[in-house]
Amino acid sequence: MTVASLRRLERPVDRTSWVAMGLAACFLAAFFASVAIGAVSLSLGDVMNALAARFSSAPQAPAEALNEAVVWDLRLARVLTAVIVGASLATCGAAMQGLFGNPLADPGIVGVSSGASLGAIMVVVLQISTFGMWTLPVGAFLAGTGTTFIIYALARPGQEGSDNSRLLLVGIAVNAIGGAFAGFLTYLATAEQLQSLTFWSMGSLASAKWITVGISAPLTIVGIGLLYHWARPLDLLALGERQARHLGVDVKILRRKLILVTALLVAAAVSFNGTIGFVGLVVPHLFRLMIGPAHRLLIPFSAAGGALLVMLADLAARTLDPPSEIPIGVIMGSLGGPFFLWMIYRSRRFGITPT
Amino acid sequence: MIEIRNVTVTVGERNLLHDVSTTCEQGSLTALVGPNGAGKSTLLAVVAGDRQCDRGTVRLLDKEVSRYSVRELAQIRSVFPQGSMIRFGYTVEEVVTMGRAFRDLPPDGDGDAVLDAMISTEVEHMAFRNAQTLSGGEQARTTFARVVVQATPVVLLDEPTAALDLRHQERVLTRARALARAGATVVAVLHDLNLAAAYADKVVLLDDGRVAADGEPWEVLTQELIERVYRQEVRVLEHPVRGCPVILTT
């Protein structure tokens, strides 16, 4: 079994580096386009100058100062928010799909998104204002992580039933209760409150500010780093919990850590920007078709791909119907859905199983 | 070495295992046989550390199995499970390599070990195929290759030959016996008494959660014992080539 026999295995062509280059090119293009395009459209040169202007003390013409303000104060924070939200949701989707061994799992599977929605609805309808302007995101964050905690505590996976199906069933039950409560509050809401709820439930990055970027960026970097660190045990979970344990994965502890990190990441993304569906479900799926299921590649590719998708969706959201903004969830579904269908169709034609 | 002492497993009112004791020596292959529901897989699960016994002890390499961490257990025992399946489209080679994922061995030996295991189970020609598209027998061979790659001193096989054709049944058990000869302690749950007779150094016959007989193939696989435990008439002949017992139903 030496080099001679190794040569007998003809490896198929590895497309990973091509996918990586394509993704990097699209990412950069979308990033600069998002900064350049909007109510005030800028050329690539304007963007570069405006970006550099912040680091130099040379005197500026009034037009240049305006460009700098647009780029730095309006667009950049928003683009970075799109990157943070997209990367968080997509990597959490990949992690939850790995944990539950189900390509249909999405980051909200353990109740974070629906919990956060309920929190937001409570804040709006019950007119809670404990934390001033921060009440809505704080309420959504607490309700989101709290819901996950309740589901986990009730299911107690790893105790007797010792598997994920219990977690899913308890999740469905708790989500139903929360959904009913949210529905009741929505029923009580005034017309004005309903409008702001609709906005939240379909997602928008309009509230992006440097302070929110500053809060969520470190959290996101640490969280995605941890998910990447758990890439190998996530791979082994594909064999099922029992076999993963045979191979050295402490499934109970891994599950607890994955759920905690996912809840924090998703809650952070969702609380500021509303629920943005589709990203966490579809992005990992697409990359599994392109580069295979191994999480060491899947997690970074999903991070970049999720960021790209949300940047593009936000760009469309704020430029298609100026001066008003289309909710990002609408864009995501109407553009992402057909694209996803096309991917499924294409993969079947090439004989690749979509999972 | 595996020491099983007075192991009892109870579910509700029913004893799945009742006061089971036996010892599997290092360097030997032990076959666990018995009718459906006799407790073979339960015993294997207790030895593997998958399930706790209500009474009794299981010691792997002179330490109680429950005192090992998950990671430590992966260093000393590998398990071929019943009904293995894989989610997502990992390739056969990736699946086999998973056997080494948390094994504290120098990683530069992984490639050769994986290739060697794939060649010996004859799956190397499908190394880059999606493991989900394999047939049941091909999947079982892939799983067996993964067990071989884990290279542990204790090897537990739960019906490793159930899905295999004649040739691969013999190949898998030949390899399992070779692992034993190289110093491993191998335990295999087998349904085919003739395979057990041909390959096992020792046969443990379970009947309704109890050890009905425990010894060399000629001692355990007798007409009287088999007829009593399986409630099926049989004749026991001598294998013309191997010299081991051959069991024929009548």
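Residues numbered from 1 in each chain as written. Chains lettered and ligands numbered in written order. Predicted model: local features only at pLDDT ≥ 70, side-chain atom pairs only at ≥ 80, totals over all residues. Heavy atoms only, no water.

> Help me understand the nonpolar core, please; the structure alone is not making it clear to me.
Core analysis: the largest hydrophobic core is formed by 139 residues, its most contacted members being A:Met96, A:Leu227, A:Leu258 and B:Leu157. If one sorts the elements of this core by residue count, helix H4 (residues 62-100) of chain A sits on top with 16 residues. Once residues within four sequence positions are removed from consideration, A:Leu258 is found in contact with A:Ala95, A:Met96, A:Leu99, A:Leu227, A:Trp230 and A:Leu234. Among the nonpolar cores identified, the runner-up in size contains 28 residues, and B:Ile2, B:Leu73, B:Val154 and B:Val189 belong to it. (Core = buried A, V, L, I, M, F, W, Y, C linked by side-chain atoms within 4.5 Å. Buried < 20%, exposed > 50% of the residue type's maximum accessible area, 1.4 Å probe, protein only. Helix = DSSP H or I, 4+ residues; strand = E, 2+ residues; numbered from the N terminus. Contact = heavy atoms within 4.5 Å.)

> Would you mind going over the sheet that holds strand S6 (residues 77-80) of chain B with me for this structure?
Adjacent strands of a sheet form backbone hydrogen bonds with each other and so pair up, either parallel or antiparallel. Residue and element names in this part refer to chain B. Judged by pairing direction, the sheet is mixed, and its six strands sit side by side in the order S6-S7-S8-S3-S9-S10 without closing on themselves. Across the chains shown, the open sheet's two edge strands, defined by having one partner strand only, are S6 and strand S10 (210-215). Across the sheet, the axes of successive neighbouring strands diverge by a mean angle of 15°, strand direction being ignored. Here strand S3 (residues 29-33) pairs with strand S9 (residues 202-207) via four bridges, running parallel. Across the sheet, residue Leu32 finds its bridge partner in S9, namely Val204. Across the sheet, helix H5 (residues 136-150) lies against S6 and strand S7 (154-158), angled at about 175° from S6, the strand it touches most. Contacting S3, S7 and strand S8 (185-189), helix H6 (residues 166-181) runs over the sheet at an angle of about 130° to S3. (Pairing = 2+ DSSP bridges. Axes fitted to C-alpha atoms, helices over the stretch in contact; angles between N-to-C directions.)

> What is the right way to read the packing of aromatic side chains from this model?
Two measures describe an aromatic ring pair: the distance that separates the ring centres and the angle between the ring planes. Scanning the model with the defined rule gives six aromatic pairs over all chains in all. Measuring from ring centre to ring centre gives 5.8 Å for A:Phe55 and A:Trp72, while their planes differ by 75°; the resulting arrangement is edge-to-face. Linking A:Phe55 in the loop between helix H3 (44-53) and H4 with A:Trp72 in helix H4, this pair joins segments that are 17 residues apart in sequence. Using a relative accessible area of 67% as the deciding quantity, one classes A:Phe55 as exposed. An aromatic cluster of three or more residues is present, and its members are A:Phe55, A:Trp72 and A:Trp210. A cation sits over an aromatic face here: B:Lys63 above B:Tyr68, 4.7 Å from the ring centre. (Phe/Tyr/Trp six-rings, centres within 6.5 Å; stacked < 30°, edge-to-face > 60°. Lys NZ or Arg CZ within 6 Å of the ring centre and 35° of its normal.)

> How should the pattern of salt bridges be read in this particular structure?
Opposite charge on two side chains makes pairing possible when the charged atoms of those side chains draw close. Under the definition given, this model contains 18 salt bridges over all chains. As a salt-bridge pair, A:Arg255 and A:Glu241 come within 3.4 Å of each other at their nearest N and O atoms. Placement of the pair is A:Arg255 in helix H12 (residues 251-273) and A:Glu241 in helix H11 (residues 241-246), with a sequence separation of 14 residues. A salt bridge links B:Arg181 to B:Asp201; its shortest N-O distance comes to 2.9 Å. Here B:Asp201 lies in the loop between helix H7 (193-199) and S9 and B:Arg181 lies in helix H6, a separation of 20 residues in the sequence. Look at B:Asp201 and you get partly exposed, because its relative accessible area is 27%. (Salt bridge = Lys/Arg side-chain N within 4 Å of Asp/Glu carboxyl O.)

> Explanation requested: a nonpolar patch on the surface in the structure shown.
All names here are of chain A. Together, Phe181, Phe184, Tyr187 and Leu188 line one region of the surface with nonpolar side chains, adding up to about 470 Å² of accessible area. Tracing the chain through its elements places Phe181 in helix H7 (residues 164-188). On the basis of relative accessibility, which here comes to 39%, the residue Phe181 falls in the partly exposed class. (Patch = residues over 30% accessible without salt bridge, like charges linked within 9 Å, V, L, I, M, F, W, Y side chains within 5 Å. Areas by Shrake-Rupley, 256 points an atom, 1.4 Å probe, with all protein chains shown as cover.)

> Where do I start with the pairing of strand S2 (residues 14-24) of chain B in this structure?
Sheet faces and side chains relate simply in a regular strand, where the side chains alternate between the two faces. Residues and elements named next belong to chain B. Pairing between strand S1 (residues 2-11) and S2: seven bridges, direction antiparallel. Bridge pairing in S2 links Glu3 to Thr23. Two successive antiparallel strands, S1 and S2, enclose a turn made up of two residues, where Gly12 displays a positive phi of approximately 60°.

> What is the right way to read the environment of A:Gly101 from this model?
Assignment of secondary structure puts A:Gly101 in the loop between H4 and helix H5 (112-125). Judged by its relative accessible area of 13%, A:Gly101 falls in the buried class. Separated by 44 residues in sequence, A:Gly101 and A:Thr145 have C-alpha atoms that sit 22 Å apart. Sequence-distant contacts of A:Gly101, defined by excluding residues within four places in its chain, comprise B:Arg87 and B:Phe88.

> Please clarify how helix H2 (residues 16-36) of chain A should be interpreted in this entry.
Every α-helix carries 3.6 residues per turn, so stepping three or four residues along brings you back to the same face. All names here are of chain A. Between the first and last C-alpha of H2 there are 30 Å, a value that for 21 residues agrees with the 30 Å anticipated at 1.5 Å per step. Listed as buried for H2 are Thr16, Val19, Leu23, Ala30, Phe31, Ser34, Val35 and Ala36. Its buried side turned inward, H2 meets H3, H4, helix H13 (279-291) and helix H14 (295-319). (Expected span 1.5 Å × (residues − 1).)

> How should I be thinking about the side chain of B:Lys202 in this particular structure?
Residues and elements named next belong to chain B. Here Lys202 shows up in strand S9. One polar contact links the side chain of Lys202 to the main-chain carbonyl oxygen of Thr23, over a distance of 2.6 Å. Contact partners of Lys202, with chain neighbours within four places excluded, come to Thr22, Thr23, Leu29, Thr30, Ala31, Asp214 and Gly215. (Polar contact = N/O pair within 3.5 Å; in protein donor to acceptor, adjacent residues only side chain to side chain.)

> For this particular structure, what's the right way to read the interface of chain B and chain A?
By a widespread convention, an interface's size corresponds to the accessible area lost as its parts come together. Taken together, the contact between chain B and chain A spans 37 residues of the former and 35 residues of the latter. Of the roughly 3200 Å² buried at the junction of chain B and chain A (both faces included), carbon and sulfur atoms supply 60%. Linking chain B to chain A there are one salt bridge. The salt bridge involving B:Asp50 is made with A:Arg242; its shortest N-O contact spans 2.5 Å. Put simply, the parts of the chain that give the side of chain B that touches chain A at least two residues each are helix H1 (40-48), helix H2 (70-76), S6, helix H3 (92-97), helix H4 (110-120) and H5 of chain B. Among the residues forming the side of chain B that touches chain A, the class breakdown is 19 nonpolar, eight polar and 10 charged. (Buried area = accessible area lost by both parts, 1.4 Å probe. Nonpolar A, V, L, I, M, F, W, Y, C, P; charged D, E, K, R; others polar.)

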